[in-house]
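The primary structure of each chain is shown beneath.
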Amino acid sequence: MQLTLWWALAFGLLLAIANLAIYSAFDVYLRRDLDRKVRTVAAAELASSSDGPGIHLHPIPKDALADGEFADPFVQILSEDGTVRLASPVIRHLPALVGYDVVRAALDGHAPLVSPVIDGRPGRAAVLRAEIGGQRYAVIVGLFRDSIVAHLSRLAWVLAFVWMAGLAATTALGYWLASRALAPVVGISRRAARIARGDFSARLDPPVRLDEVGEMTQSLNEVLECLHGALEGHRRFASDASHELRTPIAAMAGAIDVTLMRPRTAEEYRDTLRILRERLSSVTALCEDLMLLVHAQEGAPGVELREVPLLPQLQRSASRLAGAAAARGIRIEARDLPELVAYADSRLLARVLDNVLANAVFYNRDGGRIEISGAAADDAADTLETVVITVSDTGTGIPRAEFERVFERFYRLDRSRAAATGGNGLGLAICREVLAVLRGSIRVAASSGDGSTFEIRLPGRVTSSSRRSGPLADLPAPAPALECR
Ligand code: ADP
């Protein structure tokens, strides 16, 4: 509506200016035309009035003037001192039509034009000089302007009508066009209001044409899709997290209820407390994992990337798992491992390596093997210097269809087995988020019934190409880099 109003205002202004210009041009044209006619009539009258022994009137027939358009031409003859000598009937009762200064100008040969008002009627007259028998006269010959005034007033009415009709038509047209053009925008804002009320699955109607509004609709739908995905992800995350927390908490509550059902010995109370302590540890671990995940999703603010030698980092992770691995006869070995450094945060990197190695132990078979190797990445996709670390195990493997799903939060291939390992299904999801922060990546490179290979890519470089193989714990740590002070 406002758009139409502005459009009508602008159009009305332009039309008014155009009408004024037409009116003024017509006015000027009519005045000039009248002046020309007045001079012609005056010249004719002067010739006939002075055609004889003395000055006399010689009225011009009415219809001889511009097809009778200018009725009643009037003539007044003044003597040199400005007194009226002769006058045509229509002005006979009037004194001199012009002042003495005009008479003087005429006698000096200037032929001025004047605009007298005769009995309320506007007129236009030329004042000419006549000389007869040594006498000089000022001859005023004029025409009434009634018809011009009437013409102009008719024109003013026509123009006013055109202005009003034009304004009305353009307002109606503008309103129709604006409503048509803005109809999709109105639809969009209605739908947006519905979405804002909580219907996040709603989308804007797909555009019929790919004009500006169509492109905007498409972009908004993409934004809505992203927002919906993010919201859905957060909702699922919150519900999964609360579900995962509820299970151990319910188990703890159950253990307490059972213990309180009857009086117990001190030993029984101690057992219950021990069980509670264990379950509490897994709840605490889950909470810590959740916090780390959220921290990584926020881009892990405050993380500083430094050069981290990888062998000591791998050895520390392996030593943390040494007990669990030894209990099941699993060997952790390096195969053709060069000296590598990664540009990373060592705490976050340790978390990734711990998790991948822990999985390689937990999902391995008894007496199995874990092989760790590394190299500089050689594909063109990496613009930064990149190193690739692979961790292969001899476990039951991951079906190809699950290669990506194992990185989803709380996703476990075998829930009953995961319960035995104490896994909460967050480990690989954390690895992926953390590596995204470190500008790296992780994927399942290969898997079969004989084991799986995880591939970790990280910004980094090979510092020595000498490759070593053998039990990871036995490899000598690289010499520390010399520091310049
Ligand atoms: P969890 O804490 O359950 O280990 P992860 O996110 O680390 O959670 O792993 C998700 C799931 O992927 C695991 O439950 C397991 O089923 C599967 N998985 C991970 N690593 C391996 C592996 N090396 N071999 C076989 N399955 C694996």
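Read on for an overview of the structure. (Residues numbered from 1 in each chain as written. Predicted model: local features only at pLDDT ≥ 70, side-chain atom pairs only at ≥ 80, totals over all residues. Heavy atoms only, no water.)

1. Looking at the packing of aromatic side chains
Within the structure shown, the criterion is met by four aromatic pairs. With a centroid separation of 6.0 Å and 40° between ring planes, the pair formed by W7 and F11 is classed as tilted. With W7 and F11 both in helix α1 (residues 2–49) and four residues apart, the pair spans about one turn of that helix. A relative accessible area of 26% places F11 in the partly exposed class. Lying over the aromatic face of F144, R121 brings its terminal NZ or CZ to 3.7 Å of the ring centre. (Phe/Tyr/Trp six-rings, centres within 6.5 Å; stacked < 30°, edge-to-face > 60°. Helix = DSSP H or I, 4+ residues; strand = E, 2+ residues; numbered from the N terminus. Buried < 20%, exposed > 50% of the residue type's maximum accessible area, 1.4 Å probe, protein only. Lys NZ or Arg CZ within 6 Å of the ring centre and 35° of its normal.)

2. Some points on the side chain of T272
By the element assignment, T272 lies in helix α5 (residues 266–297). Polar side-chain contacts of T272 include one of 3.0 Å to the side chain of T259. Filtering out sequence-adjacent residues up to four positions away, T272 remains in contact with A255 and T259. (Polar contact = N/O pair within 3.5 Å; in protein donor to acceptor, adjacent residues only side chain to side chain. Contact = heavy atoms within 4.5 Å.)

3. A short note on the site of the ligand
Taken together, 18 residues form the shell around the ligand, and within it N359, Y363, D393, L413 and L428 come nearest. Backbone polar atom of L413 to an oxygen atom of the ligand: 3.0 Å apart, as the coordinates give it. Residue G427 places a main-chain N or O atom 3.3 Å away from an oxygen atom belonging to the ligand. Here the ligand loses 96% of its free accessible area of 520 Å² to cover by the protein chains. Breaking the shell around the ligand down by element, the ones donating at least two residues are α7 (346–362), α9 (427–437) and β12 (451–471). For the shell around the ligand, the residue count by class is eight nonpolar, eight polar and two charged. (Near = heavy atom within 4 Å. Areas by Shrake-Rupley, 256 points an atom, 1.4 Å probe, with all protein chains shown as cover. Nonpolar A, V, L, I, M, F, W, Y, C, P; charged D, E, K, R; others polar.)

4. Considering the environment of P122
Looking at the element boundaries, P122 is found in strand β5 (residues 121–132). For P122, the residues in contact, after removing those within four places along its chain, are P116, F144, R145, D146 and V149.

5. What to know about the packing of helix α4 (residues 212–260) against α5
The contact between α4 and α5 brings their axes to 9 Å, and the two run at 170°. Between α4 and α5, the interaxial angle falls into the category roughly antiparallel. Where α4 approaches α5, its residues F237, A241, E244, L245, P248, A251, M252, A255, I256 and T259 are matched on the opposing element by Y269, T272, L276, R279, L280, S282, V283, L286, C287, L290, L293 and V294. Within the contact of α4 with α5, the residues separate by chemical class into 17 nonpolar, three polar and two charged. (Axes fitted to C-alpha atoms, helices over the stretch in contact; angles between N-to-C directions. Parallel < 35°, antiparallel > 145°, perpendicular 65-115°, else oblique.)

6. Points about the pattern of salt bridges
For the coordinates displayed, the defined rule picks out 26 salt bridges. D271 is the salt-bridge partner of R274, the closest N and O atoms lying 2.3 Å from each other. In this pair, R274 and D271 both sit in helix α5, three residues apart, roughly one turn of the helix. With relative accessibility at 45%, the residue R274 sits in the partly exposed group. With a closest N to O distance of 3.2 Å, E455 and R457 form a salt bridge. Overall, the relative accessible area of 17% leaves R457 in the buried class. The network of salt bridges with common partners includes D33, R36 and K37. (Salt bridge = Lys/Arg side-chain N within 4 Å of Asp/Glu carboxyl O.)

7. Quick notes on the environment of G109
As for its placement among the helices and strands, G109 is situated in the loop between α2 (100–107) and β3 (113–114). Residue class for G109 comes out partly exposed when judged on its relative accessible area of 48%. Put simply, G109 and R32 are 77 residues apart on the chain and 21 Å apart in space, counted from C-alpha to C-alpha.

8. As for unusual backbone geometry
The phi angle at A111 is positive, at roughly 50°, despite the residue not being glycine. Its location among the elements puts A111 in the loop between α2 and β3. Overall, A111 belongs to the partly exposed group, its relative accessible area being 21%. A positive phi angle, close to 60°, is found at R439, a residue other than glycine. The class of R439 is exposed, set by a relative accessible area of 60%.

9. What to know about the nonpolar core
By size, the foremost hydrophobic cluster in this structure holds 63 residues, and its most contacted members are I370, I372, I442, I456, L458 and L472. Residues within four places of I456 in sequence aside, it is in contact with V352, L353, V356, V387, V388, I389, L435, S441 and I442. (Core = buried A, V, L, I, M, F, W, Y, C linked by side-chain atoms within 4.5 Å.)

In short, geometric facts, not functional conclusions.
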